[in-house]
Amino acid sequence: MRIVIATIFPEMVSAVREYGVIGQAVKNRVLQIEVLNFRDFTKDKHRVVDDYPYGGGPGMVMKPEPFFGIHDYCTERYGKPFTILTSPQGIKFDNRMAKELSQKENILIFCGRYEGVDERVMKIVDTEISIGDYVLSGGELAAMVICDAVSRFVPNVVEEDSVKRDSFYNELLDYPHYTRPAEFAGIKVPQVLLSGDHEKIELYRVAESLKRTALRRPDLFLKRDFSEQEKKALIWLIRELTSNAQ
Ligand code: ADE
């Protein structure tokens, strides 16, 4: 898969392809992440990417020409990309969307800036995506979030088992993790994790996931269609709670 990110701050965005599992996948060519500078697709001496808004008002608007130039560049080289504009007006990004986007061969992400982007750019944009109900100074952080979350679903970027256990993969929050030492700051690792009984450990983890989800994200818990294993884990949890109470 190839993800091209277009921005006026290429150094900032490049960090997304330099660290951790994504950095490794780029090195191994499992994933291609290319960062383009809008200014390299301007035609004037000063490489201007913004201009005053027609009709007046505060702030500047991003000019359409560099967007079309980058879209043409990507189309000629790699075929027509699925094109995203990061914007607080977009549809809200989530794990399901990340998984869906990971099926595409070729994605182009435009990072919006300033007061907005010339509306004619929408002609080449397939979808506008927001990463949450708040306003960032620009779309760079949003593009990096999208790029990272999508990349995790690309085969061989992250171990498959690890992706499946991620929070939200099954629309459940993750269970708590522990490593050595077995006791730290007076807090002991739950006995079950030291038992070596893999069936019991799995049940404990499912129960902890369900407990966290119920407490922190009741919206996800209430709409859940529980599996047989999850029902067993819930019974186990209730037993634990009632045995402590008695
Ligand atoms: N640009 C500014 N705010 C944003 C947000 N919340 N999501 C995506 N892009 C943005």
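Up top is the structure.
All values derive from a computational prediction rather than experimental measurement.

Chemist: Quick rundown of a nonpolar patch on the surface? Include the residues and the values.
Modeler: A cluster of nonpolar residues, Phe 9, Met 12, Tyr 134, Leu 136 and Leu 141, forms a patch on the protein surface that exposes about 430 Å² of accessible area. As for its placement among the helices and strands, Leu 141 is situated in helix H5 (residues 140-151). For Leu 141, a relative accessible area of 46% translates into the label partly exposed.

Chemist: So, the sheet that holds strand S7 (residues 116-117): which residues are in play, and what are the values?
Modeler: The strand order across the open sheet built from 3 strands is S3-S4-S7, with neighbouring strands paired in mixed fashion. Pairing within the sheet leaves two strands with one partner each, and these edge strands are strand S3 (50-51) and S7. Across 2 bridges, S3 lies against strand S4 (residues 61-62) in antiparallel orientation. Considered in S4, the bridge of Asp 50 is made with Met 62.

Chemist: Lay out the sheet that holds strand S8 (residues 127-130) in plain terms, naming residues and giving numbers.
Modeler: Here 5 strands make up an open sheet; going across it, the order is S2-S1-S6-S5-S8 and the pairing parallel. Every interior strand has two partners, whereas the edge strands, strand S2 (32-37) and S8, have only one. The mean angle between the axes of side-by-side strands here comes to 30°, regardless of whether they run parallel or antiparallel. Inspection of the sheet shows strand S1 (residues 2-7) paired to S2 by 6 bridges, in the parallel sense.

Chemist: Please set out the site of the ligand residue by residue, giving values where relevant.
Modeler: Near the ligand you find Thr 86, Ser 87, Pro 88, Ile 129, Ser 130, Ile 131, Gly 132, Tyr 134, Val 135, Leu 136, Gly 138 and Ala 142, and these make up its full shell. One of the backbone nitrogen or oxygen atoms of Ser 87 is found 3.2 Å away from a nitrogen atom of the ligand. Looking at the shell around the ligand, the elements that each hand over two or more residues are strand S5 (82-92) and S8. Its residues assigned to classes, the shell around the ligand shows 7 nonpolar, 5 polar and no charged.

Basis of the calculations
Residues numbered from 1 in each chain as written. Predicted model: local features only at pLDDT ≥ 70, side-chain atom pairs only at ≥ 80, totals over all residues. Heavy atoms only, no water. Patch = residues over 30% accessible without salt bridge, like charges linked within 9 Å, V, L, I, M, F, W, Y side chains within 5 Å. Areas by Shrake-Rupley, 256 points an atom, 1.4 Å probe, with all protein chains shown as cover. Salt bridge = Lys/Arg side-chain N within 4 Å of Asp/Glu carboxyl O. Helix = DSSP H or I, 4+ residues; strand = E, 2+ residues; numbered from the N terminus. Buried < 20%, exposed > 50% of the residue type's maximum accessible area, 1.4 Å probe, protein only. Pairing = 2+ DSSP bridges. Axes fitted to C-alpha atoms, helices over the stretch in contact; angles between N-to-C directions. Near = heavy atom within 4 Å. Polar contact = N/O pair within 3.5 Å; in protein donor to acceptor, adjacent residues only side chain to side chain. Nonpolar A, V, L, I, M, F, W, Y, C, P; charged D, E, K, R; others polar.

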